[in-house]
Amino acid sequence: MIITGTRLRTLLAAGAMASAAALVLAGCGARTDDAASSEAPAAAESCVDTSGDTVKLGFLNSLTGGMAISETTVSNVLHMAADEINADGGILGKQIEYIQEDGATDWPTFAEKTEKLLTQDCVAAIFGGWTSSSRKAVKPVVEEYNGLFFYPVQYEGLESSPNIYYTGATTNQQIIPAMDYLASQGVKTLFLAGSDYVFPRTANAIIKLYAEELGIEIVGEEYVPLDRDDWTTQVAKIVEADPDYIFNTINGSSNVGFIKAYYDAGLTPEETPIISVSIAEEEAPAMGHEVTGNYASWNYFQSLDTPNNPAFIEAWQAYPGSSGVTSDPMEAAYISLYLYKALVEAAGSFDVDAINQAALDNEITVDAPEGVVTLNGENHHISKPGHIGRINADNQFDIVWASDGFIEPDPYLEQYSWFPEDVRNALVAAAG
């Protein structure tokens, strides 16, 4: 069970942006928090009805397709959180009635299901997604209908929306710590391997900029679509490049093909370790090969020693359909429902505008398994601790590095001088 709290806080001004440099990436888009200040068309009228003793919420996860390997657990833990909240009296005294939809690892389906949940099922908020492509598909729909979407997975940053709350890490809470760790280990060469969509390409553009700052040479960069598992050709290029480490931004079942090709090519964690940002406790044993000795950068690990983690693990292991292990994305999904509860109770209302105002006027905290996280009411991200873990023989993670306290979210990397404003704007546009 999670404890939530609110207290009045002072709003802080945004950090100054750096300048200079340029980066060419194809695409289009706009920075949402800048666009929000200009006049926009009125959102469609909500059909949410909370006059009875229930409130409808939507859960939108890929239960089929390539991302089901990861998203099924996120769906299940959302059910567990809803059951816990209902057992504890609900939200503002109303029981959660949840409607589960399958995004089917198909981005148009995510958009269609979002519209259905908002306009036909009349849910007060939607929880789910995994890939940035799924989030990008949901974003214009929740903004059009003034709905709320709670997104639980680490991502490439460069986004904020009045209609999205982000409980996974943004770049400065996961990727920057991973690069700092590599630099501290004396890494000089790095190969980038990613799935071919928004998150890996944007994340790797940021990694290349920071690698230059750290004196790390990028010796190769390869991508494979999410629906393809054959990494043989790309791994052959890794063997030829002989990097100190591989930075893995692959998602879903494509990781299985990558790990197979990695070992088939004779690569080992002793000589060419992998650091991943999408392989967690549940994915590790599903790789078809032991992955002991490789690394991952997350904010939560099952092995984390915090006051609330043992009870969370015990509750999850006892829950019907449980995978038996906890992980960062499912913990962030669990947080998301409790964050929504805290926001609604601070607002005294299920109204989206009232919730957003409560986020600005109050300090919203969630006493989570990873520790006490705090919402930034301006950018809708939460503070998080950073951790690097090394996979052991039990497919758990031995923590080898931890941040000095919680890392405040900086989705636009405004505090980093090596990330100039024109580069930031180009990447925001490219991400869409």
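Residues numbered from 1 in each chain as written. Predicted model: local features only at pLDDT ≥ 70, side-chain atom pairs only at ≥ 80, totals over all residues. Heavy atoms only, no water.

Could you give an account of the overall build of the protein, naming the residues involved and the relevant values?
Counting its regular elements, the protein contains 12 helices and 15 strands. Counting only residues that meet the buried cut, the protein has 58% of its 432 residues in that class. The contacts of the protein with a sequence gap of at least 6 include a subset with a gap of at least 24, amounting to 72%. Carbon and sulfur atoms form 49% of the exposed surface of the protein, whose accessible area is close to 16,100 Å². (Helix = DSSP H or I, 4+ residues; strand = E, 2+ residues; numbered from the N terminus. Buried < 20%, exposed > 50% of the residue type's maximum accessible area, 1.4 Å probe, protein only. Contact = heavy atoms within 4.5 Å. Areas by Shrake-Rupley, 256 points an atom, 1.4 Å probe, with all protein chains shown as cover.)

Explain the sheet that holds strand β8 (residues 217-224) residue by residue, including any values.
Reading across the sheet, the 7 strands line up as β8-β7-β9-β10-β11-β14-β15 and stay open at both edges, with mixed pairing between neighbours. Strand pairing shows two members of the sheet lacking a second neighbour, β8 and β15 (397-407), which therefore form its edges. With direction set aside, neighbouring strand axes in the sheet form an average angle of 20°. Bridge count between strand β7 (residues 189-195) and strand β9 (residues 245-249): 5 bridges; the pairing is parallel. Bridging from a neighbouring strand, F191 pairs with I246 of β9. Packed onto the sheet, helix α7 (residues 232-241) meets β7, β8 and β9 and runs at close to 170° relative to β8. (Pairing = 2+ DSSP bridges. Axes fitted to C-alpha atoms, helices over the stretch in contact; angles between N-to-C directions.)

Run through unusual backbone geometry, naming residues and quoting values.
A positive phi angle, close to 50°, is found at L92, a residue other than glycine. Its location among the elements puts L92 in the loop between α2 (68-87) and β3 (95-102). Backbone geometry at H380 places phi at a positive 65°, although glycine is not the residue there. Within the element layout of this structure, H380 appears in the loop between β13 (371-374) and β14 (384-391). Note on H380: relative accessible area 5%, which makes it buried.

Which residues make up the state of the cysteines, and what values go with them?
What makes a disulfide is a covalent bond joining the sulfur atoms belonging to two cysteines. Within the structure shown, the criterion is met by 1 disulfide. Each disulfide pairs two cysteine sulfurs, and for C47 the partner residue is C122, the sulfurs being separated by 2.1 Å. Judged by the sign of its S-S torsion, about -110°, the cystine formed by C47 and C122 is left-handed. Of this pair, C47 sits in the loop between α1 (32-35) and β2 (54-61) while C122 is found in the loop between α3 (107-119) and β4 (125-128), placing the two residues 75 residues apart along the sequence. Residue class for C47 comes out partly exposed when judged on its relative accessible area of 32%. Taking the relative accessible area as the measure of exposure, C122 reaches 18% and is therefore buried. (Disulfide = S-S within 2.5 Å.)

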